[in-house]
Amino acid sequence: MKNYLWLVISLFSLLLYPAMASGHATVISSNPSPNEAMDTLPEKISIQFSENIQPAFHSLEVFSQDGQKVPVQKSAISEQSERILEAKWKGTVDEGVYYIKWRVVSSDGHPIEGTIPFQFGESASLSDQDHSQVKAGFPNSINVFLQSLQYISFAALAGILFFRLSLTKDPHLFQASGRARIYLWISYAGLALSTFCSLPLKVTIDAGVGWTDAFNGTYIREVLNGTNFGTIWVIQLLMLILLFMALYFMLENPLRKSLPVLSFLLTTLLMVGKALTGHTAAVPNHVLAVLMDFLHILSMALWLGGLMALLVILPGLADRQAVQEDKKLFYWTIIQRFSKWAFVFVIILIVSGIYSSLQHVPTSHSLFNTTYGQLLLAKIGLMSVMIVLGAWHFFKGKAQSKKLGYSAGMELSIGIVVLLVAALLTNVQTAMSSPGPFEKMIKTDENYEVTLKVTPNEVGDNRIQVELEQGGRPIADIEQLTITMQPADGQAGAIKLQLQGKTKGTFTSKSILTLPGKWNIQVHGLTKSLDSINADFTIFIGNS
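So, a few notes on the structure that sits alongside this text. Just so it is clear, the model here is predicted, and its values are computed rather than measured. (Residues numbered from 1 in each chain as written. Predicted model: local features only at pLDDT ≥ 70, side-chain atom pairs only at ≥ 80, totals over all residues. Heavy atoms only, no water.)

## Some remarks on the sheet that holds strand β14 (residues 478-487)
To keep things clear, this is the line we draw: By definition, two strands form a pair when at least two bridges between them are found by DSSP. In DSSP terms, a helix is any run of H or I states spanning at least four residues, a strand is any run of E spanning at least two, and both are numbered starting from the N terminus. Between N-to-C directions, angles span 0 to 180 degrees; the directions come from axes that are lines fitted to C-alpha atoms, helices contributing only their stretch in contact.
A sheet is described by the order of its strands in space; here four strands give the open sequence β15-β14-β18-β19, paired in antiparallel fashion. Whereas interior strands pair on both sides, the edge strands pair on one side only; in this sheet they are β15 (495-498) and β19 (532-541). This sheet shows a mean twist of 20 degrees between the axes of neighbouring strands, independent of strand direction.

Structure follows, in structure tokens:
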């Protein structure tokens with residue numbers, strides 16, 4: 001048991017290590033570019049994003065400085081790239097200051113919007129402005145409620161089906177329990193309601209409308225036909241119908257072993273649909289990300305749902321035993337079986353959680369200073385308490401001293417709060433938005449110490465600083481220092497900068513970084529005696 005506990009502790013510690021992150025789409029270039037003063041307008045307006053955008057609910061409008069709308073054609077995704085939104089002008093445009101207002105739904109299903117100011121001609125002047133905003137606030141209460149209801153229903157339904165398949169060996173005993181039947185159908189009703197309502201909810205989010213327009217036929221068709229969510233939702237609806245039939249016939253035919261298996265399989269497939277939407281859509285290794293997210297949802301559902309079944313269903317089934325000793329033996333046998341399975345669920349939960357967290361939390365700074373990171377820390381803390389309580393129940397089950405009491409109810413309550421936090425995590429922007437200032441020192445083979453600092457380390461204007469030392473002392477005889485910066489995925493060309501000496505051994509420059517994510521930076525220095533100083537860095541650029 002000690003070896004198992006050390007394994008759990010070791011896996012949890014891995015959550016603090018930085019890795020590749022992902023987030024909402026961001027603007028990496030546009031024509032006109034932000035705050036550009038131009039004498040001739042381009043043939044069409046174009047905006048390039050850091051990831052693919054979905055075909056539904058995109059818009060591109062132009063307004064004059066006094067708020068008058070300028071005629072442009074309907075926005076469209078470019079035939080050359082699914083990352084480019086464009087629109088052609090209609091008619092002539094007078095000189096002046098204008099604002100491009102854009103809105104798209106990124107590949108992870110979250111809508112983002114912003115403005116791009118520019119100046120045409122010399123009749124007006126334009127001051128610099130922030131040109132990109134991402135909707136990164138907390139989701140609304142209805143969104144949180146439906147997401148939480150779906151997670152809880154997944155747990156309740158998967159838990160009771162797992163109880164039927166793996167914990168109790170007598171199908172007649174399970175079928176005869178009126179409480180088990182009611183619990184099963186309430187769980188299904190919660191899952192069906194949350195899944196059905198997720199469509200109008202998606203309409204309100206993507207179209208930016210209220211619930212009065214959530215059932216508008218035009219908007220619904222656009223969601224179903226123009227988003228990844230729409231296809232998945234239709235498939236989920238069909239699976240819900242099949243699940244209803246499987247559950248009904250399972251309760252009517254207790255000896256048909258295939259029906260509980262089919263019901264459980266359909267429930268897990270519905271979880272796959274949930275894993276296919278959300279932040280996993282923006283992760284480079286999409287298949288592995290979806291698999292890990294699915295395993296995370298499934299393991300949490302089985303752990304929490306199994307605990308629900310133990311508290312709600314098990315006491316009634318135990319009371320059906322004829323002899324008092326048989327009641328006690330039945331009760332603790334089921335609990336011991338679940339405890340062994342619960343340990344497996346916890347291991348899967350931790351491993352999959354570590355992977356998912358490392359995809360969205362690039363640095364320790366982002367873990368502690370973003371909404372996503374803080375919610376993740378809260379989730380880790382709550383799950384740690386659940387693991388402690390679970391271990392307590394494991395040893396309590398071996399002793400068979402008393403029935404599960406308040407501590408089991410506390411574990412269940414904490415688990416429900418964890419699902420609430422998970423619903424929030426699904427809808428807030430990932431910690432990719434703010435990895436924090438970058439600073440790292442590399443010691444070369446020639447014993448040079450090269451320190452790179454990037455501030456604020458976000459898309460846009462950044463201050464680049466390189467410090468060169470040897471033996472702890474600044475190097476004074478540097479002839480020139482250059483750096484080469486390029487996105488690791490090759491989406492954009494290399495940026496080369498000649499840094500200027502600020503003080504002895506310290507060189508600085510300013511640069512615009514156009515893409516969030518992983519960047520490779522090569523530092524090359526040349527001394528007056530023609531000795532080379534080379535160091536390679538990898539950094540993570542934020543998108544806010």
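Back to the text.
## Structural notes on the pairing of β14
The sheet contact formed by β14 and strand β18 (residues 517-527) spans nine bridges and is antiparallel. Within the sheet, the bridge partner assigned to Ile483 lies in β18 and is Val523. The pairing of β14 with β15 spans four bridges and is classified as antiparallel. Bridge assignment links Ile483 to a residue of β15, and that residue is Leu497.

## Considering the environment of Gly91
Looking at where Gly91 falls in the secondary structure, it is placed in the loop between β7 (84-88) and β8 (96-105). It is 9.3 Å that separates the C-alpha atoms of Gly91 and Val70, two residues lying 21 residues apart in sequence.

## A few points about a negative patch on the surface
Here is the rule we go by: Grouping into patches uses exposed residues only, defined as over 30% relative accessible area, and leaves out salt-bridged ones; the cut-off is 9 Å for like charges and 5 Å for nonpolar side chains (Val, Leu, Ile, Met, Phe, Trp, Tyr). For accessible areas, the Shrake-Rupley method is used with a probe of radius 1.4 Å. Any residue's cover is judged against the shown protein chains and nothing else. Salt bridges are defined as contacts in which a side-chain nitrogen from Lys or Arg sits within 4 Å of a carboxyl oxygen from Asp or Glu. The sign given to each residue is positive for Lys and Arg and negative for Asp and Glu; His and the chain ends receive no count. To locate a charge, take NZ of a lysine, CZ of an arginine, CG of an aspartate or CD of a glutamate.
Judged by side-chain charge, Asp39, Asp94, Glu95 and Glu122 come together as a negatively charged surface patch. Its place among the elements puts Glu95 in the loop between β7 and β8.

## Concerning the environment of Asn427
Put simply, the rule is: Here's how the labels work: a residue is buried when its accessible area is under 20% of the maximum for its type, exposed when over 50%, partly exposed in between, all with a 1.4 Å probe on protein chains only.
The residue Asn427 is located in helix α13 (residues 406-427) in this model. Its relative accessible area of 15% is what places Asn427 among the buried residues.

## Regarding unusual backbone geometry
Geometrically, the link from Asn31 to Pro32 is a cis peptide bond, its omega value of 5 degrees lying close to zero. Along the chain, Pro32 turns up in the loop between β1 (27-31) and β2 (36-38). The omega angle of the peptide bond from Thr455 to Pro456 is 5 degrees, so this bond is cis rather than trans. Counting through the fold element by element, Pro456 comes out in the loop between β11 (448-455) and β12 (460-470). In this structure, Phe57 takes a positive phi of about 60 degrees despite not being glycine.

## Points about helix α2 (residues 141-167)
Convention followed: Multiplying 1.5 Å by the helix residue count minus one yields the expected span of that helix.
For α2, which comprises 27 residues, the first-to-last C-alpha distance of 37 Å matches the rise-based estimate of 39 Å (1.5 Å per residue) to within 8%. Burial runs high along α2: 21 of the 27 residues are buried.

## Brief notes about the environment of Thr484
Within the element layout of this structure, Thr484 appears in strand β14. Placed 13 residues apart in sequence, Thr484 and Leu497 show a C-alpha to C-alpha distance of 6.5 Å.

## Points about the pattern of salt bridges
One pass over the structure, following the stated rule, counts six salt bridges. Two residues, Asp206 and Lys202, come together in a salt bridge whose shortest N-O distance is 3.5 Å. Pair noted here: Asp206 and Lys202 are both in helix α4 (residues 178-207), with a separation of four residues, about one helical turn. No difference in accessibility class separates Asp206 from Lys202, as the two residues are buried. One salt bridge in this structure joins Glu467 and Lys453, with 3.1 Å as the shortest N-O distance. With Glu467 in strand β12 and Lys453 in strand β11, this residue pair connects regions lying 14 residues apart in the sequence. Within this structure, Glu439, Lys453 and Glu467 form a network of salt bridges that share partners.

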